[in-house]
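Chain by chain, the residues:
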Amino acid sequence: MNSYLPRRSDHHRATKQPPKRGHQRTTPKPHPDPPRLADTRTRSPRAPTAMEAKPHTARVLVGRLRGAAAACDGAATAAAVADIRLASKDDPEIRAPLADAGAVPLLAAQLPGGSAGVDAAAALLNISISAREQVASAPGLLDALTAALRTDAAHHAAATVHSLLCAEPQRAAIGARRPLLAALVALLRAPPSTRATKDALKALFGVALYPPNRATLVSLGAVQALFALVMTDGRDGIVEDATAVVAQVAGCAESVEAFRWVSGVRILLDLVESGGAATPRARENAAAALLNLVVAGGDAAAAEVADVGGAEETVRELAEDITASPRGKAKAEALLRALEGAAAAAARRREHRFADFLNGIVQSDPYISSPSPASTQG
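From a predicted model like this one, the values you see are computed outputs, not experimental measurements.

1. Re the overall build of the protein
A tally of helices and strands in the protein yields 20 helices and zero strands. For the protein, the proportion of its 378 residues judged to be buried stands at 42%. For the protein, the share of sequence-separated contacts (at least 6 apart) that also reach a separation of at least 24 residues comes to 67%. Working note: accessible area of the protein is about 21800 Å², and carbon and sulfur atoms make up 56% of it.

2. Concerning the environment of Glu312
Mapping Glu312 onto the fold places it in helix α19 (residues 311–319). Residues in contact with Glu312, not counting those within four places in the same chain, are Leu336 and Glu340.

3. Quick look at a negative patch on the surface
Together, Glu273, Glu317, Glu320 and Glu333 make up a negatively charged patch on the protein surface. Residue position: Glu333 is located in helix α20 (residues 326–364). Classification of Glu333 as partly exposed rests on a relative accessible area of 33%.

4. Points about the side chain of Gln110
Considering the arrangement of structural elements, one finds Gln110 in the loop between α5 (103–108) and α6 (117–130). With a relative accessible area of 17%, Gln110 lands in the buried category. The contact partners of Gln110, leaving out residues within four places of it in the chain, are Thr77, Val81, Ala116, Gly117 and Ala120.

5. Some thoughts on the environment of Ala136
As for its placement among the helices and strands, Ala136 is situated in helix α7 (residues 132–136). Each C-alpha atom of the pair Ala136 and Ile174 lies 9.8 Å from the other, and the pair is 38 residues apart in sequence. In this view, Ala136 contacts Leu141, Leu164 and Gln170; residues no more than four positions away in its chain are not counted.

6. What about the packing of helix α14 (residues 222–232) against helix α17 (residues 264–272)?
It is the contact of α14 with α17, at a shortest axis distance of 11 Å, that shows an interaxial angle of 40 degrees. Between α14 and α17, the angle is such that the two are oblique. Classified by chirality, the crossing of α17 by α14 is left-handed. Contacts between α14 and α17 involve Phe227, Val230 and Met231 from the former and Gly264, Ile267, Leu268 and Leu271 from the latter. Residues that form the contact of α14 with α17 fall into these classes: six nonpolar, one polar and no charged.

7. Observations concerning α17
Along α17, seven of the nine residues are buried, which leaves the element largely enclosed by surrounding structure. Within the sequence span of α17, burial applies to Gly264, Val265, Ile267, Leu268, Leu269, Leu271 and Val272. Where α17 is buried, its residues meet α14, α15 (238–249), α16 (255–261), α18 (280–306) and α19.

8. Some remarks on the packing of helix α12 (residues 194–208) against α15
One way to put it is that α12 packs onto α15 with a least axis distance of 9 Å and a crossing angle of 20 degrees. On the basis of the axis angle, α12 is roughly parallel to α15. When the axes of α12 and α15 are compared, the crossing they make is left-handed. Contact with α12, carried on its side by Thr194, Thr197, Lys198, Leu201, Leu204, Phe205 and Ala208, involves Ile238, Asp241, Ala242, Ala244, Val245, Gln248 and Val249 of α15 and no other residues of that element. Taken together, the residues of the contact of α12 with α15 break down into nine nonpolar, three polar and two charged.

9. Quick look at the pattern of salt bridges
Applying the stated criterion across every chain yields a total of 13 salt bridges. The closest approach of N and O atoms between Asp83 and Arg64, which form a salt bridge, is 2.7 Å. Of the two residues, Asp83 is situated in helix α3 (residues 74–90) and Arg64 in helix α2 (residues 50–70); the sequence distance between them amounts to 19 residues. Here Glu312 and Arg316 are joined by a salt bridge, their closest N and O atoms 3.2 Å apart. You can see Glu312 and its partner Arg316 sitting in helix α19, four residues apart, about one turn around the helix. Residue classification places Arg316 among the partly exposed positions, given a relative accessible area of 25%. Overlapping salt bridges bring together Glu240, Asp241 and Arg281 as one network.

10. With respect to the confidence of the model for the protein
When pLDDT is averaged across the protein, the result is 83; 76% of the residues are at 70 or more. Averaged over each element, pLDDT in the protein is lowest for helix α1 (residues 8–14) (45) and highest for helix α13 (residues 212–219) (97). Note that residues 1–16 has pLDDT below 50 and, in this model, two contacts with residues that lie over four places away or in other chains. Every residue in residues 368–372 is under pLDDT 50, and counting partners more than four places away or in other chains gives two contacts.

11. Here we look at unusual backbone geometry
A positive phi is found at Cys72, a non-glycine position, where the angle reads about 55 degrees. Looking at the element boundaries, Cys72 is found in the loop between α2 and α3. Even without glycine at this site, Ser263 takes up a positive phi of about 55 degrees. Position of Ser263 relative to the elements: it lies in the loop between α16 and α17. Owing to a relative accessible area of 44%, Ser263 belongs among the partly exposed residues under this scheme.

Thresholds, definitions, all that
- Residues numbered from 1 in each chain as written.
- Predicted model: local features only at pLDDT ≥ 70, side-chain atom pairs only at ≥ 80, totals over all residues.
- Heavy atoms only, no water.
- Helix = DSSP H or I, 4+ residues; strand = E, 2+ residues; numbered from the N terminus.
- Buried < 20%, exposed > 50% of the residue type's maximum accessible area, 1.4 Å probe, protein only.
- Contact = heavy atoms within 4.5 Å.
- Areas by Shrake-Rupley, 256 points an atom, 1.4 Å probe, with all protein chains shown as cover.
- Patch = residues over 30% accessible without salt bridge, like charges linked within 9 Å, V, L, I, M, F, W, Y side chains within 5 Å.
- Salt bridge = Lys/Arg side-chain N within 4 Å of Asp/Glu carboxyl O.
- Lys, Arg positive; Asp, Glu negative; His and termini not counted.
- Charge placed at Lys NZ, Arg CZ, Asp CG, Glu CD.
- Axes fitted to C-alpha atoms, helices over the stretch in contact; angles between N-to-C directions.
- Parallel < 35°, antiparallel > 145°, perpendicular 65-115°, else oblique.
- Left-handed = near helix turned anticlockwise from the far one by under 90°.
- Nonpolar A, V, L, I, M, F, W, Y, C, P; charged D, E, K, R; others polar.
- pLDDT = per-residue confidence, 0-100.

Right under this line is the structure:
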């Protein structure tokens, strides 16, 4: 047997078997990489993140308000404003997206009147807490807030003004709006509610933190309105807040005359006296107001304080009161030094005036002459 002949088993292996149908193996042709879209077969669609959802929700809410306002549909507008108020109250993270979506001018347009005014003012207040710059820069906002201060939305409008004033650059811009300041002062005279009074006082405190605004407040009658609250208002916290504003307004020279007209120095000294104020904070504020008045008004103001009987003793009592707060004691000590310095300066001025008076007599009376020089002869 020839050894080169294949064995049976080899022959079977060497014999080509017909390929089974459906399993024919072919050499694949080269092709480009499959598109990345094929990867989505193994991934679930990505859900939008909360950061992406907030702007979308804000745009939907503002879009509803814009459409309702454009259609002059009062009921739909009020409903859209109410929804924005609720969203801005419940979700602080949506406030900035609402401002970005254009909510502020649309809400401001609802302030002057109408059923949506209160909700619009409340929504603006909420948005201003998280997006103060965007609210403050909205065109026409301050005019709209001025109008709202004379409506049922006064407390929200005043609180919004206070919120804006927390940003120092806004104090000059708001202080330049005399009608707005006048509307805040008017809330002290005929407040629609205790809440409106407190919000107006907080706003006026923020206004008075900017020194150039203090003279404007004096010219608008703020001193009279504030002292009226101090003397007659018994509502919880009103006197404390009113004396805090008085202390700021006192820091201008124009306040000296205004305080004189309402006996302000006497009222403040009564509050500084032990037992004169209902709370330690009101007592501290009264001492701070007197100190600011003396610092701003100089000798004339110091004389106004010193001329009140027992003023120095009253202030010294607070400075030495071990039960008083450190802030109250510090204000009283500084005021006491100012009064003592003013008294010393007044005494020196009296001495100079008396010396000038004597010199005048000597020069004008021929019968009064200076002593002759001592004789040198024995």
